[in-house]
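Report on the structure
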Amino acid sequence: MSTSSTNPNKALWEKGDFTHIAQSMRDSGETLVRDLGIAPGMRVLDVGCGDGTTAVPAAQLGADVLGVDIASNLVAAGNARAREFGLDNLTFQEGDASDLKDLGDEQFDLAVSIFGAMFAPRPFDVAKELVRVTRPGGRVVMGNWIPGDPTLVAQILRISSSYSPPPPEGFVSPMTWGVEDKVRERFAAAGVPAERVDCEQDTYTFNYPGTPSAFLDEFRTYYGPTMNAYDAAKAEGREADLHAELDALFNEQNQSRNGVTTIPATFLRVTVIV
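Because the structure is predicted, anything quoted here is derived from the model rather than measured.

**What about the pattern of salt bridges?**
A complete count under the given rule lists 12 salt bridges for this structure. With its nearest N and O atoms 2.6 Å apart, the salt bridge here joins lysine 15 to aspartate 231. Here the residue lysine 15 occupies a position in helix 2 (residues 8–15), and aspartate 231 occupies one in helix 11 (residues 224–235), the gap between them amounting to 216 residues. On the basis of relative accessibility, which here comes to 35%, the residue lysine 15 falls in the partly exposed class. Taking the relative accessible area as the measure of exposure, aspartate 231 reaches 44% and is therefore partly exposed. Linking aspartate 35 and arginine 269 is a salt bridge whose minimum nitrogen-to-oxygen distance equals 4.0 Å. Of the two residues, aspartate 35 is situated in the loop between helix 4 (26–34) and strand 1 (43–47) and arginine 269 in strand 7 (residues 261–273); the sequence distance between them amounts to 234 residues. You can call arginine 269 buried: its relative accessible area is 10%. Connected through salt bridges with shared partners, the residues Lys10, Glu14 and Glu94 form a single ionic network.

**Observations concerning the side chain of threonine 151**
Turning to its location among the elements, threonine 151 is positioned in the loop between strand 5 (134–145) and helix 8 (152–162). A polar atom in the side chain of threonine 151 sits 2.3 Å from the side chain of aspartate 149. Residues in contact with threonine 151, not counting those within four places in the same chain, are Gln253, Pro264, Ala265 and Thr266.

**As for the packing of aromatic side chains**
Using the criterion set out here, one finds 18 aromatic pairs in the structure. Measuring from ring centre to ring centre gives 3.8 Å for phenylalanine 115 and tryptophan 145, while their planes differ by 10°; the resulting arrangement is stacked. Taken together, the residues phenylalanine 115 in the loop between strand 4 (108–114) and helix 7 (123–132) and tryptophan 145 in strand 5 connect sequence positions 30 residues apart. Accessibility expressed as a relative area gives 3% for tryptophan 145, which makes it buried. When the ring centre of tryptophan 177 is taken as reference, the NZ or CZ atom of arginine 186 above it lies at 4.8 Å.

**Observations regarding the side chain of serine 24**
Inspection of the secondary structure puts serine 24 in the loop between helix 3 (19–22) and helix 4. In this structure the side chain of serine 24 is engaged in a polar contact, spanning 2.6 Å, whose partner is the backbone oxygen of isoleucine 21. Once residues within four sequence positions are removed from consideration, serine 24 is found in contact with Thr205, Phe206, Asn207 and Phe215.

**Remarks on the pairing of strand 4**
Across the seven residues that make up strand 4, a large majority, seven, are buried. Read as a crossover between parallel neighbours, the route from strand 4 over helix 7 to strand 5 is right-handed.

**Let's talk about helix 4**
For helix 4, every residue scored as buried is listed here: Arg26, Ser28, Gly29, Leu32 and Val33. Buried residues of helix 4, seen end-on, are gathered within an arc of 165° and therefore sit on one face of the element. Next to the buried residues of helix 4 lie helix 3, helix 5 (55–60), helix 6 (72–84), strand 4, strand 6 (197–208) and strand 7.

**A word on the sheet that holds strand 6**
Strand order in the open sheet formed by seven strands is 3-2-1-4-5-7-6, with mixed pairing between adjacent strands. Each edge of the open sheet carries a strand with a single partner, namely strand 3 (90–94) and strand 6. Each neighbouring strand pair of the sheet contributes to a mean axis angle of 20°, computed without reference to strand direction. Of the strands in this sheet, strand 2 (64–69) and strand 3 are in contact with helix 6, which crosses strand 3 at around 170°. Packing against the sheet, helix 10 (residues 212–222) makes contact with strand 6 and strand 7, and its axis sits at approximately 115° to strand 6.

Analysis parameters
Residues numbered from 1 in each chain as written. Predicted model: local features only at pLDDT ≥ 70, side-chain atom pairs only at ≥ 80, totals over all residues. Heavy atoms only, no water. Salt bridge = Lys/Arg side-chain N within 4 Å of Asp/Glu carboxyl O. Helix = DSSP H or I, 4+ residues; strand = E, 2+ residues; numbered from the N terminus. Buried < 20%, exposed > 50% of the residue type's maximum accessible area, 1.4 Å probe, protein only. Polar contact = N/O pair within 3.5 Å; in protein donor to acceptor, adjacent residues only side chain to side chain. Contact = heavy atoms within 4.5 Å. Phe/Tyr/Trp six-rings, centres within 6.5 Å; stacked < 30°, edge-to-face > 60°. Lys NZ or Arg CZ within 6 Å of the ring centre and 35° of its normal. Right-handed = clockwise from strand over helix to strand, strands pointing away. Arc of directions from axis to C-beta. Pairing = 2+ DSSP bridges. Axes fitted to C-alpha atoms, helices over the stretch in contact; angles between N-to-C directions.

Structure follows, in structure tokens:
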């Protein structure tokens, strides 16, 4: 039996090809990384890194960067991008944000996870692992989508879940990582007092060189959660309803014209001093 069939989270992120979505996220990834005070020689971990939307710019600033992702296809894509950019200070490997068993304690100056670790199961284990691998005085920085937020990704996930079967018993929604009290509770359990956890809303912008409807097609074809929602809707004979709802969302949120797409999305930026 393959690991994908025994690990639903791995199967979800290997189902599509997130590199297609990541293309629309590069500019904001670079902007976010430039704000993190990364200097040459810093040791940086990027968890749930995909193909390197934040890991690549961190390495370009001179840090020694390790990217960890659960999806083997994204790890391969990341290592290909590192070679393409000539970044011998950037490596990608497979791993699970809720069990970073290949990584030793206090190895990193900065642990980053932008819309990555939030999707891992066992959020208390995620917080504990992020803290464990970060040196005392180092930082953990997370970007997490916010439940009920009116902007793009929270609404994609809300609409998708309304067409999908109920989650298994004991499932904790990834969106709970966008709730400040939950974030503080999880890091408190990992030994970090509340005053060393800072939460603020920030904006991440998707830029796509086509129409909003074409951008939705990328999600439909390559983004695991949306792919699963379309599969579930199709089985119920509701695929056209789901598509109409998402197509309206993408078009309403677009702030560009002239056949291109610019959609800002609000997220919770979490900074933890370990």
